[in-house]
Structures are given as structure tokens and as C-alpha cells.
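Results of the structural survey
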Amino acid sequence: MPLLVNGARVDLARPTGDMIRAHPYLEENAKLLRSQPAQIVEPKGLLYVQQREFAVTTPKDGSVSILGSDDATTCHIVVLRHTGAFDLQPEDVHLVTFCVTELNDREEQDIHFPIIYGIAVNVKTAEIFPATFPEKGPDEDLRSAHVLTGAPLTNIYDAKTEQLRIGPYFWGPFPHVDFWLEQDDAQILQNLSTSPLAEPPHFVSHIRSTLTFLKEHPFPSRSLFPDRKPRIYKKNEEGLWEQVCSDKI
């Protein structure tokens, strides 16, 4: 899938700075996005996408109105818009908004921080905007444990049935989990983050919660997924995720 800017194919081997200088409108669009205050997105109608997850839906989705993700420091959040089955067609990708690297950077006392940590997209209007998410569920610890144990990129949503599907996930005992849980916040931050100086304030508590979950579930095949079936959620009348039994599907 070639990447194009203004119809011109991008040489992915060249530095991103060259592309930015060659296409000044990318900097203007990034400036416009950065100028918007981060909106707090409540869980009603939200599908939150964690690290190493992706989700695909359409404007006709009756359950999900907002897709979003945050806590990105060295990670990237990609929003793709397509009128057909994107993953089945060898289409070109046209880059419209590019707000990473030097275009999403602020510096304080020689330390670099992202300006935008999170993004949401309105699936009805295709609007994207900076966002934060008070709730990142359902199954936040389970999904985070999947990431910490080396998860591949995982599709979590079935737009046809409007169901969120988590798992089944399998891992073995997490190495040295007791050791890590005994460490102070500074050690966890320094050793379990790719950007210890730029993490949001809740990073350490999030990691501790995930490690605790891994300790409690060393063999998820026994404790979480004995039937080898996913945990399935649908939005209820209030627009919130509610777990449903597989025999009700």
C-alpha cells in the first residue's frame, strides 16, 4: 500500500523531516490539530483501542460513535479512513494529517514531551481531535497483560455484529513478576517504560495493576479462557459495554 502526499509517492527510506519540508501543508495541519485542547471522552459510545490493537467500523455503526486511544509517547496512533474493505484492497494511502516526531514535540529543560498523547475520531463525521479517556475498558488489565506478554497486532471489534471481542489470550507465568512488584515507582518507570521522562502520571499505577493481574493469572487458559472462547461485549441502552454470554449471540 504506497503512501502518498498530494498525490506524490513518499520515499519511506528518507527522513521524515524531508517529507515535512517538501509538503508544508502537513505542518499546517499538525499545527491546527495541536492547537485544539484535549477533549475528555466519556465511555458512552466509545470504543477504546489499546496498544497493539486495532478496530474497524463504519458510520452506520449503531453502537460506536467514537474510536480513540491515548498514552502514546514513543508509540504511534494511526487513523485510516476508507469507503470500502480497506484490509482487502491494495489501495494507496493518502496522508492528510501527520502529527508525530518534530510536529508533536515540546521541550522542557532539555526533555522532550509529546504535545498530544491521545486522539479520538468521530466515526460519523470523520473528525479527529486530541482526547483523553477516563475509562479504557472493558478488561483493561487483561488487554494490557496481553500487550506486556508480547501480543501481536489484534483486531478487537466486529462491526457486523457490533461486538467487542477480547481474547482468548494465552501466556505463561510472567518472568520475575514478584521482583517487579517489589520495586519502587522510580525503578518501574526507568525499566518498564520506553520514555520514562515523558510518561503520563498514571503510568506506574497502570503497570502495577497489570503486573498484579499477571501474577493472579499465570495461566489464563485455566483461569480466564478455559473454554477457549473470547469475552464478548455489546453496548447496552446507556451506550456502555456489557458482557454477553456466547449462548445469547
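This write-up is about the structure you can find in this document.

Cut-offs used in this document
- Residues numbered from 1 in each chain as written.
- Predicted model: local features only at pLDDT ≥ 70, side-chain atom pairs only at ≥ 80, totals over all residues.
- Heavy atoms only, no water.
- Buried < 20%, exposed > 50% of the residue type's maximum accessible area, 1.4 Å probe, protein only.
- Helix = DSSP H or I, 4+ residues; strand = E, 2+ residues; numbered from the N terminus.
- Pairing = 2+ DSSP bridges.
- Disulfide = S-S within 2.5 Å.
- Contact = heavy atoms within 4.5 Å.
- Phe/Tyr/Trp six-rings, centres within 6.5 Å; stacked < 30°, edge-to-face > 60°.

Examining the pairing of strand 10 (residues 119-122)
Each regular strand shows side chains that alternate between the opposite faces of the sheet. Both faces of strand 10 are covered, namely the face carrying Ile119 and Val121 and the face carrying Ala120 and Asn122. The sheet contact formed by strand 6 (residues 66-69) and strand 10 spans four bridges and is antiparallel. Counted as the bridge partner of leucine 67 is valine 121 from strand 10. In sequence, strand 10 turns back onto strand 11 (residues 128-132) through a hairpin of five residues, with alanine 126 there showing a positive phi of about 70°.

Some details on the sheet that holds strand 11
The pairing of strands in a sheet happens through backbone hydrogen bonds and is either parallel or antiparallel. On the basis of which strands lie adjacent, the open sheet formed by five strands has the order 3-11-10-6-4 and mixed pairing. Looking at which strands have only one partner, the edges of the open sheet turn out to be strand 3 (39-40) and strand 4 (46-48).

Brief notes about the sheet that holds strand 15 (residues 231-235)
Pairing is antiparallel in the open sheet, where four strands are placed in the order 13-14-15-16. The sheet terminates laterally at strand 13 (157-158) and strand 16 (241-244), the two strands that pair on one side only. Two strands pair when backbone bridges link them, and strand 15 and strand 16 are joined in this way by four bridges, in the antiparallel orientation. Each residue of the ladder has a partner; that of lysine 235, found in strand 16, is tryptophan 241.

Overview of the state of the cysteines
Counted by the stated rule, this structure contains zero disulfides. Between cysteine 75, a free cysteine, and cysteine 99, which holds the nearest cysteine sulfur, the sulfur-to-sulfur gap is 15 Å. Overall, the relative accessible area of 34% leaves cysteine 75 in the partly exposed class.

Looking at helix 3 (residues 140-148)
Within helix 3, burial applies to Leu142, Arg143, Ser144, Ala145, His146 and Val147. Of the surrounding elements, those touching the buried residues of helix 3 are strand 4, strand 5 (53-54), strand 12 (154-155), strand 14 (163-166), helix 6 (203-216) and strand 15. Two residues or fewer past helix 3, glycine 150 is found with a positive phi of approximately 95°.

What about the packing of aromatic side chains?
Taken as a whole, this structure holds five aromatic pairs when the rule is applied. Each ring, one from tyrosine 169 and one from phenylalanine 225, has its centre 6.3 Å from the other, and the planes form 65°; the classification is edge-to-face. Highlighted residues: tyrosine 169 in the loop between strand 14 and helix 4 (177-182) and phenylalanine 225 in the loop between helix 7 (220-223) and strand 15, separated in sequence by 56 residues. On the basis of relative accessible area, tyrosine 169 is assigned to the buried category, the value being 5%. According to the relative accessible area criterion, phenylalanine 225 is buried, its value standing at 0%. Taking the centre distance of 6.4 Å and the plane angle of 75° together, the rings of phenylalanine 170 and phenylalanine 225 count as edge-to-face.

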